[in-house]
Amino acid sequence: MTVADKLSKRHKEVSIAEFFEKNRHLLGFDSRLKATLTIIKEAVDNSLDACEEMNQELPENMKNKILPIITVDLKKVEDVYEILDNGVSVGEVVRRGDKFEVSYQGRRGTFKSKYAGHNFKIGGYDVKIKVDDDNKISVYINGKKKEIKAGYPKFRVKVLDNGPGIVKDQIPKIFGTLLYGSKFTRLRQSRGQQGIGITSAVLYSQLTTGRPAVITSKVGKNKPAYRITLTIDTSKNKAQVLKTEVVDDFPYDHGTLIELEFEGEYRSRGDKSVEEYLKRTAIVNPHATIIFKDIDGKKIVWKNTSKKYPKPPKEIKPHPYGLELGMLMKMLASTSRKTLLDFLTKELSRISVNTAYIILSKADLKEDMKPQDLSRDQAERLLKAMQRTKLLRPPTDVLSPIGARELEKSLKQDTKAEFVVTVSRPPTTYRGMPFMVEVGIAYGGEITGLKLYRYANKIPLLYEQSSGAIFKAVTQVGWRRYKVPETSSGLPQENIILLAHVASVWVPYTSESKSAIAAYPEIVKELKLAFQEAARKLSLYLSARYKERIKKEKVNRFFAYGTEVAVALANMVGEKREKILEAIKKLLEYRYGSSALSAAEKVLEQGIAKEGEESEEE
Amino acid sequence: MKKSEQKQVLEKIEALGREILKEIENKENPKLEIPIRTRANIYFDEKEQIIKIGDKKAERYFLNTAHAKKFMQTLLILGYLKKLIEKEGRTLSIRQLFYVLRHTIPGLKEDVFNSQDETDPIIEDIEVMLDVLRENLNLIPTPKGVIAGPLVVYDKKFKQTIDYTKQGAAGGAVPAIVEADALEFKECSAKYVLVVEKFATWNNLNEAKYWDKENCILLTGKGQAARAERRLVARLAHELKLPVYVFTDLDAAGYYIYSVYKYGSMNLAFLSEKSALPTAKFLGFQMKDIKQFDIPRRSWIKQTKWDLKRLKELKGYPWFQKKEWKKELNELEKFKYKIEQDALVAKHIDFMAKEYLPTKIENKDFLP
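Keep in mind that what you see is a predicted model, and the values were worked out from it rather than measured.

Here is what the cut-offs are and how they apply
- Along each chain, numbering runs from 1 in the same order as the chain's sequence is written.
- Chain A is the first chain written and ligand 1 is the first ligand written, with later ones labelled in order.
- Thresholds applied to this predicted model are a pLDDT of at least 70 for local features of residues and 80 or more for the giving and counting of side-chain atom pairs; totals over whole chains, interfaces and linings are not thresholded and use all residues.
- Based on all heavy atoms of the structure, the side-chain values leave hydrogens and waters out of the count.
- Centres within 6.5 Å are what make two rings of Phe, Tyr or Trp a pair, Trp counting through its six-membered ring; a difference in plane orientation under 30 degrees is then read as stacked, over 60 as edge-to-face, and the rest as tilted.
- The way it works is that DSSP assigns letters per residue, a run of H or I at least four long becomes a helix, a run of E at least two long becomes a strand, and they are numbered from the N terminus.
- Exposure is judged per residue with a 1.4 Å probe applied to protein chains only, and the accessible area is read against the type maximum: over 50% gives exposed, under 20% gives buried, and values in between give partly exposed.
- Every case where a carboxyl oxygen of Asp or Glu lies within 4 Å of a side-chain nitrogen of Lys or Arg is listed as a salt bridge.
- Two residues form a contact once any of their heavy atoms are found within 4.5 Å.
- Note on terms: buried area is the combined drop in 1.4 Å-probe accessible area of two parts once they are placed together, counting the loss on both.
- Residues adjacent in sequence count toward polar contacts only when both atoms are side-chain atoms; beyond that, a polar contact is any pair of N or O atoms within 3.5 Å, and within protein one must be able to donate a hydrogen and the other to accept it.
- Patches here: salt-bridge-free residues with over 30% relative accessible area, like charges joined within 9 Å, nonpolar side chains (Val, Leu, Ile, Met, Phe, Trp, Tyr) joined within 5 Å.
- Shrake-Rupley sampling with a 1.4 Å probe provides the accessible areas, and residues are treated as covered by the protein chains on show and by no other component.
- His is not counted, nor are the chain ends; Lys and Arg add positive charge and Asp and Glu add negative charge.
- We put the charge of a Lys on NZ, of an Arg on CZ, of an Asp on CG and of a Glu on CD.
- For every residue, the predictor reports its confidence as pLDDT, a number between 0 and 100.
- Strands are labelled as partners when DSSP assigns at least two bridges between them.
- Think of each axis as a best-fit line through the C-alpha atoms, taken over the contacting stretch in the case of a helix, with angles from 0 to 180 degrees between the N-to-C directions.

Caption draft 1: Layout of the packing of aromatic side chains. Residue and element names in this part refer to chain A. Counted by the stated rule, this structure contains 37 aromatic pairs over all chains. Both rings, one in Phe-155 and one in Tyr-266, keep their centres 6.3 Å apart while their planes meet at 40°; by these two values the pair is tilted. Placement of the pair is Phe-155 in strand 9 (residues 154-161) and Tyr-266 in the loop between strand 13 (255-263) and helix 6 (274-284), with a sequence separation of 111 residues. A ring pair is formed by Tyr-443 and Tyr-541, whose centres lie 6.4 Å apart and whose planes are at 70°; its orientation type is edge-to-face. Of this pair, Tyr-443 sits in strand 18 (residues 433-443) while Tyr-541 is found in helix 13 (residues 521-573), placing the two residues 98 residues apart along the sequence. For Tyr-443, a relative accessible area of 4% puts it in the buried group.

Spelled out as structure tokens, the structure:
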């Protein structure tokens with residue numbers, strides 16, 4: 001059963017807060033580190049989706065005029081320290097902005113951080129907080145230094161886009177209601193998690209900080225920008241608007257800004273850092289510019305490398321080969337079609353009237369049955385009959401690929417690789433579901449070590465790196481054949497980024513946490529073929545580069561030997577060494593070009609300089 | 001070395017340098033042409049009866065990855081030798097030359113020469129390329145030969161007279177350079193030159209005063225002869241008209257030592273014209289000597305695989321094709337044993353000096 005299935009059954013019975021608590025792992029909030037990424041992911045996805053939808057709605061002559069600019073601004077807003085007494089928590093210091101909030105033995109007090117170092121009376125206690133040069137604090141109660149333990153810091157993220165904006169009245173529904181959204185039960189390539197994404201982020205924020213979400217949106221040039229402050233009423237699964245204001249300094253003609261505070265964990269580098277996540281997102285969205293202001297105020301821009309939105313995905317009806325009984329029963333129960341014949345031909349893809357009759361007779365069912373009247377047994381018979389009937393494959397032109405050329409430019413810019421190759425495979429199907437794969441190999445340059453960039457429907461997958469279809473395909477490529485050294489487990493042993501994108505109307509994940517794509521043979525095969533095609537091009541590049549390197553080394557050597565030959569010839573003929581060396585240089589220049597010669601001269605000079613340093617050290 | 005000879009060598013080196021410099025200036029790939037010294041370019045001159053080097057040449061290019069280093073090394077040695085000769089009179093051993101030239105190429109972390117194995121063959125290259133013996137390049141070989149007998153020589157460099165009858169138990173050393181401009185034969189009353197393979201044999205005969213009794217020059221090269229011993233023997237034969245008899249072990253290696261004195265060697269085929277001695281005779285030990293001198297069974301040693309392999313090679317050499325030698329080699333192969341010179345003392349400590357050698361020489365019982 002999918003998350004959506006669970007949600008639809010249960011959201012009425014349990015409070016959504018309780019639901020959230022129980023399903024944190026499915027929603028991506030099972031650790032503070034993951035929660036930080038999930039919140040940013042949900043906000044960025046929303047922005048990208050909104051921009052794409054906007055572009056689709058625009059008239060032809062306006063399309064691609066406004067490309068997404070998404071700014072992610074992350075700040076640390078609170079440091080929290082527990083005050084311990086023999087290991088037992090007896091109080092807390094919260095540092096927020098320029099204030100310290102202290103609670104000790106049930107008493108509370110606040111003072112400005114510029115008064116750090118002075119004693120303050122809180123209850124009957126003298127409290128003093130010292131801040132050292134590294135911005136670390138120490139806490140003294142009645143003059144005695146207390147043991148403190150760092151708690152979980154709180155962050156504020158602002159995600160701003162230049163999308164279409166959201167109509168004022170819709171804002172509470174979109175950000176404050178779980179399951180609101182248009183993606184639920186649609187069969188279409190999409191980023192989202194069926195309408196629970198951004199709302200779950202709002203909820204997490206609220207549960208961990210008690211602070212409201214602030215959404216500012218503007219829908220047009222001459223329209224006001226509204227700032228709405230809201231919380232979710234968890235008992236009613238409904239947003240509660242606390243404040244609505246009009247602001248007049250919104251940076252774009254239209255767009256949305258969401259601000260959330262949350263308890264999180266921040267890493268400035270590594271696979272699970274925000275920067276890495278946004279970089280990977282930028283790579284597969286070449287049309288979007290993504291800007292990241294990190295908590296230290298560093299600004300990173302991944303500029304768009306494409307001036308065109310990707311082709312929009314199309315929605316398709318489910319293909320019988322990909323149906324499961326649960327889904328079929330749900331469709332039967334909720335359809336507005338009056339007869340089974342109508343249902344088969346209009347709600348599913350690739351069933352003609354003639355085929356429908358064949359299926360019905362195989363399943364021993366009547367064409368005029370009401371879909372809602374089918375029993376579980378009958379539905380099962382219907383499903384088996386459909387799957388035993390020869391049907392056309394589903395249409396495959398419904399996917400929205402990144403595009404090999406776009407991906408190549410983007411990958412090159414964002415990884416600063418020396419060589420990039422991308423391959424886009426034609427769409428095909430697994431179990432009745434259209435899918436296609438795109439891969440990229442980025443080699444050398446600033447890349448260090450092996451990195452695997454996995455994507456499902458343009459979403460970076462950061463967890464469970466070594467499971468699923470993509471990892472399996474990578475280990476089956478046979479890199480050695482393409483001049484790339486290989487580990488015993490079949491991974492390339494090089495400074496290389498392997499990127500794989502699986503786009504599908506329905507991505508089969510290995511688990512509900514959606515961390516890895518299930519290794520269906522069809523998907524693994526496509527990925528492997530794509531990687532092999534890319535690796536072939538890489539190997540051509542590598543051998544050309546190898547030859548170039550050999551040539552360079554050759555000239556370097558000739559030049560170094562040439563300096564010795566000059567000395568020897570000077571002795572033999574009794575002429576000046578310098579004059580002979582000039583002649584040798586001219587010879588090398590004539591034969592191998594002036595750039596090769598000057599490179600060789602440089603190499604030798606550097607070598608001599610280095611030897612000088614080394615001997616000085618001695 | 002005579003002044004004129006020295007001048008000639010210097011001119012040859014300079015001419016070679018000029019040629020290379022011209023190629024560099026003409027943007028050609030500079031090259032050295034070196035006569036090939038491998039078996040493929042060695043032939044036996046039936047008429048002169050010496051091993052000679054052919055006219056096949058190998059080209060060694062500067063701008064060729066496989067040749068570049070050797071090209072540079074060859075020029076470095078040539079350049080240095082020119083300076084060495086100009087300094088007059090001083091000589092170096094080839095090992096010393098290696099040390100003089102050895103250095104790291106600035107900036108490359110690579111030595112111009114890694115070992116003497118790299119300089120030695122290049123010195124030989126230069127000898128054939130310039131057609132000059134290394135002695136004339138002021139490089140001294142390392143002689144190991146020992147000599148005794150009625151011969152008086154004059155060392156021109158040290159201005160000393162050496163009498164080889166007065167060298168005691170150790171004998172006189174063969175000097176590194178035995179060319180006429182360094183070593184002059186003053187007096188000699190010897191009737192022949194006896195070259196023995198081993199020092200132990202030489203010692204045995206020296207103690208027995210063999211050279212005194214037989215009035216001969218007794219010389220050993222201690223195994224395979226070095227260039228100085230060969231050259232000295234050749235000079236004694238040519239200039240003093242002395243017959244030369246060679247006495248070795250009865251095995252393939254012994255035969256080969258003889259053939260080097262007589263015809264020259266394959267490695268140093270370019271030396272043959274100066275050092276080979278086609279008139280040399282093989283005294284023994286011969287197959288037929290076993291019976292004639294009744295060498296007991298206990299003195300025989302089984303031939304090793306290496307001995308047999310070497311024997312087969314010998315059979316293939318053109319200078320071992322005389323019928324006497326074909327027969328000798330075939331018999332030795334069938335015999336499957338070998339007999340060392342040392343074994344002969346087992347019969348009697350003076351067996352060689354008093355019985356074997358006098359008998360053989362008196363009967364002129366030699367192989368050609």
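Structure shown, so let's carry the discussion forward.
Caption draft 2: Seen up close, the pattern of salt bridges. Residues and elements named next belong to chain B. Throughout the structure, instances matching the rule amount to 67 salt bridges over all chains. Linking Arg-60 and Asp-125 is a salt bridge whose minimum nitrogen-to-oxygen distance equals 2.9 Å. Highlighted residues: Arg-60 in strand 4 (residues 57-61) and Asp-125 in helix 4 (residues 116-130), separated in sequence by 65 residues. For the residue pair Arg-60 and Asp-125, the accessibility class agrees, reading buried in each case. Connected via shared salt-bridge partners are Arg-37, Arg-60, Glu-124, Asp-125, Glu-127, Arg-134, Glu-135 and Arg-227.

Caption draft 3: Structural view of the interface of chain B and chain A. The partner chain A presents 30 residues to the 35 residues of chain B that form the contact. Across the chain B/chain A interface, buried area totals approximately 2900 Å², and carbon plus sulfur atoms make up 70% of it. In this structure, the connection of chain B to chain A is made through two salt bridges. At the surface where chain B touches chain A, the tally comes to six residue pairs in polar contact (both at pLDDT 80 or more).

Caption draft 4: Spatial organisation of a positive patch on the surface. Residues A:Lys303, A:Lys307, A:Arg405 and A:Lys409 make up a contiguous surface patch of positive charge. With respect to the helices and strands, the residue A:Lys307 is situated in the loop between strand 15 (299-302) and helix 7 (325-334).

Caption draft 5: Local environment of the confidence of the model for chain A. Residue and element names in this part refer to chain A. For chain A, the average pLDDT comes to 89, and 94% of its residues sit at 70 or higher. Mean pLDDT across the secondary structure elements of chain A bottoms out at helix 1 (residues 3-10), with 58, and peaks at strand 14 (residues 289-293), with 97. Below a pLDDT of 50 lies the segment residues 181-185, which in the model reaches seven contacts outside its immediate sequence neighbourhood of four places, other chains included.

Caption draft 6: Seen up close, the sheet that holds strand 13 (residues 183-188) of chain B. Residue and element names in this part refer to chain B. Overall, antiparallel pairing links the three strands, which are arranged 11-10-13 in an open sheet. One side of each edge strand has no neighbouring strand; the edge strands of this open sheet are strand 11 (160-163) and strand 13. Averaged over all pairs of adjacent strands, the angle between their axes in this sheet comes to 25°, without regard to strand direction. Bridge count between strand 10 (residues 151-155) and strand 13: five bridges; the pairing is antiparallel. The residue of strand 13 that forms the bridge with Asp-155 is Leu-183. Here helix 7 (residues 227-239) sits on the sheet in contact with strand 10 and strand 13, set at roughly 50° to strand 13.

Caption draft 7: Local environment of the side chain of A:Arg280. Residues and elements named next belong to chain A. Its location among the elements puts Arg-280 in helix 6. What makes Arg-280 buried here is its relative accessible area of 2%. Within polar-contact distance, the side chain of Arg-280 engages the side chain of Asp-271 at 3.2 Å.

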